[in-house]
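Each chain, letter by letter, is given below.
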Amino acid sequence: MLDNLIVFFILFLICFLFWQQRKQAEIAKLAISNKCKQLELQLVSVALGRHSLKDEQGLWRWRTIYQFEFSSLGDDCYQGQLVMKGFRPLKFHLPPHRV
């Protein structure tokens, strides 16, 4: 009985974490899309970069970094990053690009 409860809890935890990751990915894609529209850039693709348990100051914070590609003139491609803290976009890193 206890074994079944533990297995059920682990399965529930995995599903919950997957659902939270999907929600965060949707928020990140929307934030990246809005930033590209604001800067008049064409969004090419968005991908999950990596998870991190510590921030730049060494504090324990769950952060996720999303990589994205964008184009400024249609014939070029640049890579940017979005750092998410939970469900909030924290900061964008955009390389210099042609305008």
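Since we're looking at a predicted model, the values are computed, not measured. (Residues numbered from 1 in each chain as written. Predicted model: local features only at pLDDT ≥ 70, side-chain atom pairs only at ≥ 80, totals over all residues. Heavy atoms only, no water.)

Asker: Would you take a moment to explain the overall build of the chain for this structure?
Answerer: Within the chain one finds one helix and four strands. By the compact-globule yardstick of 13 Å for 99 residues, the chain is too spread out, its C-alpha radius of gyration being 17 Å. Burial status across the chain gives 26% buried among its 99 residues. Taking contacts inside the chain between residues at least 6 apart in sequence as the whole, the part at least 24 apart equals 39%. Counting only carbon and sulfur atoms, one obtains 63% of the accessible surface of the chain, whose full area is about 7300 Å². Side-chain charges in the chain split into 13 positive and 8 negative, and the spacing between the mean points of these groups amounts to 7 Å. (Helix = DSSP H or I, 4+ residues; strand = E, 2+ residues; numbered from the N terminus. Rg over C-alpha atoms; globule rule 2.2 N^0.38 Å. Buried < 20%, exposed > 50% of the residue type's maximum accessible area, 1.4 Å probe, protein only. Contact = heavy atoms within 4.5 Å. Areas by Shrake-Rupley, 256 points an atom, 1.4 Å probe, with all protein chains shown as cover. Lys, Arg positive; Asp, Glu negative; His and termini not counted. Charge placed at Lys NZ, Arg CZ, Asp CG, Glu CD.)

Asker: Would you explain the pattern of salt bridges in this entry?
Answerer: Opposite charge on two side chains makes pairing possible when the charged atoms of those side chains draw close. Per the counting criterion, the structure on display carries two salt bridges. For the salt bridge of Arg 98 with Asp 75, the shortest nitrogen-to-oxygen distance reads 3.4 Å. Of this pair, Arg 98 sits in the segment after strand S4 (88-93) while Asp 75 is found in the loop between strand S2 (60-71) and strand S3 (78-85), placing the two residues 23 residues apart along the sequence. Judged by its relative accessible area of 61%, Asp 75 falls in the exposed class. For Asp 76, the salt bridge identified is with Arg 98, shortest N-O distance 3.4 Å. A residue pair is termed long-range when its members are at least 10 positions apart, and Asp 76 in the loop between S2 and S3 and Arg 98 in the segment after S4 qualify at 22 residues. Through salt bridges that share partners, Asp 75, Asp 76 and Arg 98 make up one connected network. (Salt bridge = Lys/Arg side-chain N within 4 Å of Asp/Glu carboxyl O.)

Asker: Mind showing me how you'd approach the sheet that holds S3 here?
Answerer: Each strand in a sheet pairs with its neighbour through backbone hydrogen bonds, running either in the same direction (parallel) or in the opposite one (antiparallel). The strand order across the open sheet formed by four strands is S1-S2-S3-S4, and the pairing between neighbours is antiparallel. The open sheet terminates on both sides in strands that have one partner only, identified here as strand S1 (42-54) and S4. The mean angle between the axes of side-by-side strands here comes to 25°, regardless of whether they run parallel or antiparallel. Relative to S4, S3 runs antiparallel, the two being bridged by five bridges. Bridge pairing in S4 links Leu 82 to Phe 92. Lying over the sheet, helix H1 (residues 2-38) contacts S1, S2, S3 and S4, oriented at roughly 45° with respect to S2. (Pairing = 2+ DSSP bridges. Axes fitted to C-alpha atoms, helices over the stretch in contact; angles between N-to-C directions.)

Asker: It is not clear to me how the environment of Pro 95 should be interpreted in this structure. Could you clarify?
Answerer: Following the sequence through the fold, Pro 95 ends up in the segment after S4. Remark: the alpha-carbon pair of Pro 95 and Gln 79, spanning 16 residues in sequence, is separated by 7.1 Å. Other than its neighbours up to four places away in sequence, Pro 95 contacts Phe 70, Tyr 78, Gln 79 and Gly 80.

All we've got here are geometric facts, nothing functional implied.
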